[in-house]
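# Geometric and topological summary
Chain residues, written in single-letter form:
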2 protein chains.
Amino acid sequence: MKYKRSERLVFITEYLTRRPNARVPLSTFVDKFTQAKSSISEDLRILKEVFENENIGKIVTTHGANGGVTFIPKIDYHTAVEIVKEFEEEISQSNRLLPGGYLYLSDIVGNASLMTKLADLVVTLYEDKHIDAVVTIATKGIPMAHAVATKLNVPVAVIRKDNKITEGSTVSVNYVSGSTRKIETMILAKRTLKQGSRVLVIDDFLRAGGSINGVISLMEEFEATVVGVTVLAESKDNSGKRRYKEYTSIVKVSEIDEFNETFTVEPGNCLDNFKKG
Amino acid sequence: MKYKRSERLVFITEYLTRRPNARVPLSTFVDKFTQAKSSISEDLRILKEVFENENIGKIVTTHGANGGVTFIPKIDYHTAVEIVKEFEEEISQSNRLLPGGYLYLSDIVGNASLMTKLADLVVTLYEDKHIDAVVTIATKGIPMAHAVATKLNVPVAVIRKDNKITEGSTVSVNYVSGSTRKIETMILAKRTLKQGSRVLVIDDFLRAGGSINGVISLMEEFEATVVGVTVLAESKDNSGKRRYKEYTSIVKVSEIDEFNETFTVEPGNCLDNFKKG
């Protein structure tokens, strides 16, 4: 296929952005376009410049016989602020309040394009942390976990609270639910997570932190390192009670007043770790 | 920002492929690049040509004062065959067989990049079917449902088999499980799915079809039109017993022999509906 530079750039942009965090051999493009390596390198230089100017991400090239190129999604502080604001507005709708002071989140986690945007924010925070797998708890954490894992190019392991025959051999731990103080069980299929993985834990809502304590115990059974915990929302009032303190939240929810059906939403701590500018 | 054509094309390619099935106003690019509409139209013509040549998808432009451009992912028969083959190889590993003749699929549905590839195949099949929402059953259907919904730019509604307070008001139906013949219940939060939606149902494994019958009854309660049902795998032996016949499967699994730990995998019917060529 004889392509001009502009046409090659369309192809290369689509090819790399479809494969975030995957190393693509330079020979893929050299062979496809029957172009000299130097021409392809010049294509990649243009791509790199636009991606950096536009805060789309980094293009990392490695040289030598085994040369390759990797697209690493990465957004800037300004874009992160916009994403948090959009999410804040979604979650602030007053008709979300359910009996018991719970928030209705099913439509938010069902919003695939919002999950993709939030994933850009999360992967920027963990960009250089060498994550091997994303771990989440069924069911509301799964969409966000998958959106993040797609961009990190790693698998997702789903922890369940019920044991199913279709999970094969499992490892289970008991934990104390933070809100009800009941003993509960969580299980993970043995072969969904490699021993010794570096994991990022994703969940929808962080209340007293009982589930997260359970996840951390379970991760010990897999000799996994918990590199971080990210939640869509945390309830501010309970933050003092939590044992695990190192987490990232997109928003904080507080002053939940069931009687008047009001609550307050503010940005979580996720923006603190962004390089401003 | 003063960009050359090749640089503009990098930006436009990333912008559109990040927003599949969303109509982007032409003014987005006209304003950003301070270029005449005719230059941007020429950029889009180049993009369109490369996307068609390379079987990436369609670029649809509408003209007039309200002109816009939409990227519609669409793969060809040859790519679909490759994706089915990759999936077939994954699922064929003999150590997937669990007691009771069940297949272990958690690692497959946890493979985010595989789910994205399969989604390209599924959205090509339903490209012009005006889907309003993807409906799935917790928990193994969720990753595929989200991968498809991301590309169709529609929300996901997740049906559960247990009622949770965090779902708010729900609609429930009882159905007969195809394999155990027990009466089971499935529920869907009222506000995750708009009345009268055109839905695509996604699930992981189709056995006797009891769950799908349940989903179809539940969709009647929402006055929804079930445009299609797509499953990752179907078990061939039970196909005669199913009431709902209009489904698409990626692979068919048959001759499950628990004693010898063997089973057969072949492509499902998903390739039948592809335009060959």
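Numbering of residues begins from 1 in every chain and follows the order in which that chain's sequence is written. The naming scheme follows written order: chains are lettered A onward, ligands numbered 1 onward. Where totals are concerned, whole chains, interfaces and linings use all residues; where local detail is concerned, this predicted model gives features only for residues with pLDDT of at least 70, and gives and counts side-chain atom pairs only at 80 or more. Calculated side-chain values reflect all of the structure's heavy atoms, with hydrogen atoms and water omitted.

Per an unreviewed UniProt entry, chain A is named Purine operon repressor, and its organism is Nosocomiicoccus ampullae. UniProt positions are given in the numbering used here, feature names are shortened, and annotations may be inferred rather than shown by experiment. In its Sequence similarities (unreviewed entry) section, UniProt records this for chain A: "Belongs to the purine/pyrimidine phosphoribosyltransferase family. PurR subfamily." The UniProt entry for chain A carries this comment under Subunit (unreviewed entry): "Homodimer."

This part covers the relation of the copies chain B and chain A. For these two chains of identical sequence, chain B goes onto chain A by a turn of 180° and a shift of 0.0 Å along the axis, with RMSD 0.0 Å. Both copies of the chain, as the preceding transformation shows, are related through a two-fold rotation axis. Nearest to the rotation axis, the C-alpha of Ser6(B) is located 2.2 Å from it, this being the minimum over chain B. Residue contacts are defined here by distance: any two heavy atoms, one from each residue, within 4.5 Å place the two residues in contact. Interface overlap between copies: 100% of the residues of chain B at the interface are likewise at the interface in chain A, consistent with a symmetric, same-surface contact. For this overlay, a least-squares fit was computed on C-alpha atoms, restricted to residues scoring pLDDT of at least 70 in both copies.

Turning our attention to the pairing of strand S6 (residues 133–137) of chain A. Residues and elements named next belong to chain A. Burial analysis of S6 places five of its five residues in the buried class, the great majority of the element. Summarising the sheet, S6 and strand S10 (residues 198–206) pair through four bridges and their orientation is parallel. For Val135, the partnering residue across the bridge sits in S10 and is Val201. Across four bridges, the pairing between S6 and strand S7 (residues 156–159) is parallel. Looking across to S7, one finds that Val135 is bridged to Ala157. By the criterion used throughout, a crossover qualifies as right-handed when its path from the first strand across the helix to the second strand runs clockwise, the strands pointing away from the viewer. For helices the rule is a DSSP run of H or I covering at least 4 residues; for strands it is a run of E covering at least 2, with both sets numbered from the N terminus onward. Note that the unit made of S6, helix H7 (residues 142–152) and S7 has a crossover that is right-handed. Burial classes follow relative accessibility: with a 1.4 Å probe on protein chains only, a residue under 20% of its type's maximum area counts as buried, one over 50% as exposed, and anything between as partly exposed. Strands were regarded as paired on the criterion that DSSP finds at least two bridges between them.

Here we come to the packing of aromatic side chains. Two rings from Phe, Tyr or Trp (for Trp, the six-membered ring) form a pair when their centres sit within 6.5 Å of each other. Planes less than 30 degrees apart are called stacked, planes more than 60 degrees apart edge-to-face, and all others tilted. A complete count under the given rule lists 10 aromatic pairs over all chains for this structure. Aromatic pair Phe51(B) and Phe71(B): ring centres 5.4 Å apart, planes at 75°, arrangement edge-to-face. Here Phe51(B) is found in helix H3 (residues 37–53), whereas its partner Phe71(B) is found in strand S3 (residues 68–73), with 20 residues between them in sequence. Judged by its relative accessible area of 1%, Phe51(B) is buried. For Phe71(B), a relative accessible area of 5% translates into the label buried. An aromatic cluster of three or more residues is present, and its members are Tyr3(A), Phe11(A), Tyr15(A), Phe29(A) and Phe33(A). Directly above the aromatic system of Tyr104(B) lies the positively charged group of Arg191(A), at a separation of 4.2 Å from the ring centroid. Over a ring means this: the NZ of a Lys or the CZ of an Arg is within 6 Å of the ring centre and within 35 degrees of the ring normal. Its guanidinium or amino end placed over the ring of Tyr15(B), Arg19(B) lies 3.6 Å from that ring's centre, counting from NZ or CZ.

The working definition used for a salt bridge is a side-chain nitrogen of Lys or Arg within 4 Å of a carboxyl oxygen of Asp or Glu. Enumeration according to the criterion identifies 37 salt bridges over all chains in this entry. With its nearest N and O atoms 2.7 Å apart, the salt bridge here joins Asp120(B) to Arg18(A). Pair noted here: Asp120(B) is in helix H6 (residues 112–125) and Arg18(A) is in the loop between helix H1 (5–17) and strand S1 (24–25), and the two residues belong to different chains. Judged by its relative accessible area of 3%, Asp120(B) falls in the buried class. Across the salt bridge formed by Glu49(B) and Arg45(B), the nearest N and O atoms sit 2.9 Å from each other. Here the residue Glu49(B) and the residue Arg45(B) both occupy positions in helix H3, the gap between them amounting to four residues, near one helical turn.

Residue and element names in this part refer to chain A. Per the domain assignment, the segments of chain A are domain 1 (5–73) and domain 2 (77–273). Taken together, the contacts link six residues of domain 1 with eight residues of domain 2. The term buried area denotes the loss of accessible surface (1.4 Å probe radius) that occurs when two parts are joined, taken as the sum for both partners. Here domain 1 meets domain 2 over a buried area of about 520 Å², counting both sides, of which 48% is carbon and sulfur. Counting the surface domain 1 buries against domain 2, the share from its top three residues, Pro20, Asn21 and Pro73, is 71%. Domain ranges listed in this record stem from an automatic or a database domain assignment.

Now for the environment of Pro73(B). All names here are of chain B. If you trace the backbone, Pro73 turns up in strand S3. By relative accessible area, which is 3% here, Pro73 ends up buried. Note: C-alpha distance between Pro73 and Val123 (50 residues apart in sequence) is 7.2 Å.

By definition, the strands of a sheet pair up through backbone hydrogen bonds, in either a parallel or an antiparallel sense. Residues and elements named next belong to chain A. Strand order in the open sheet formed by six strands is S7-S6-S10-S11-S12-S13, and the pairing between neighbours is mixed. Looking along the sheet, the strands with just one partner apiece sit at the ends: S7 and strand S13 (262–267). Within this sheet the neighbouring strands show an average axis-to-axis angle of 25°, counted without direction. Only C-alpha atoms enter the line fits that serve as axes; for helices the fit covers just the stretch in contact. Angles between N-to-C directions range over 0 to 180 degrees. Taken strand by strand, helix H4 (residues 77–91) contacts strand S11 (225–235), strand S12 (247–257) and S13, and its axis lies near 175° from that of S13. Along the sheet, H7 contacts S6, S7, S10 and S11; its crossing angle with S6, the most-contacted strand, is approximately 175°.

The sites that UniProt annotates as "domain: Bacterial purine repressor N-terminal" (unreviewed entry) are residues 4–73 of chain A. A helix fraction of 54% and a strand fraction of 20% characterise residues 4–73 of chain A, whose end C-alpha atoms lie 26 Å from each other.

Chain B puts 57 residues into the contact, and the matching count from chain A is 57 residues. Buried area between chain B and chain A, summed over both chains or domains, comes out near 4600 Å², and the portion from carbon and sulfur atoms is 59%. Linking chain B with chain A are six salt bridges. The residue Lys32(A) makes a salt bridge to Glu54(B) at a minimum N-O spacing of 2.9 Å. Under the rule applied, a polar contact is a pair of N or O atoms within 3.5 Å (in protein, one hydrogen donor and one hydrogen acceptor; residues adjacent in sequence only if both atoms are side-chain atoms). Remark: the boundary between chain B and chain A carries 24 residue pairs in polar contact (both at pLDDT 80 or more). Counting residues per element, the ones that place at least two in the side of chain B that touches chain A are helix H1 (5–17), H3, strand S5 (102–103), helix H5 (106–109), H6 and helix H7 (142–152) of chain B. With nine residues, the single largest contributor to the side of chain B that touches chain A is H1(B).

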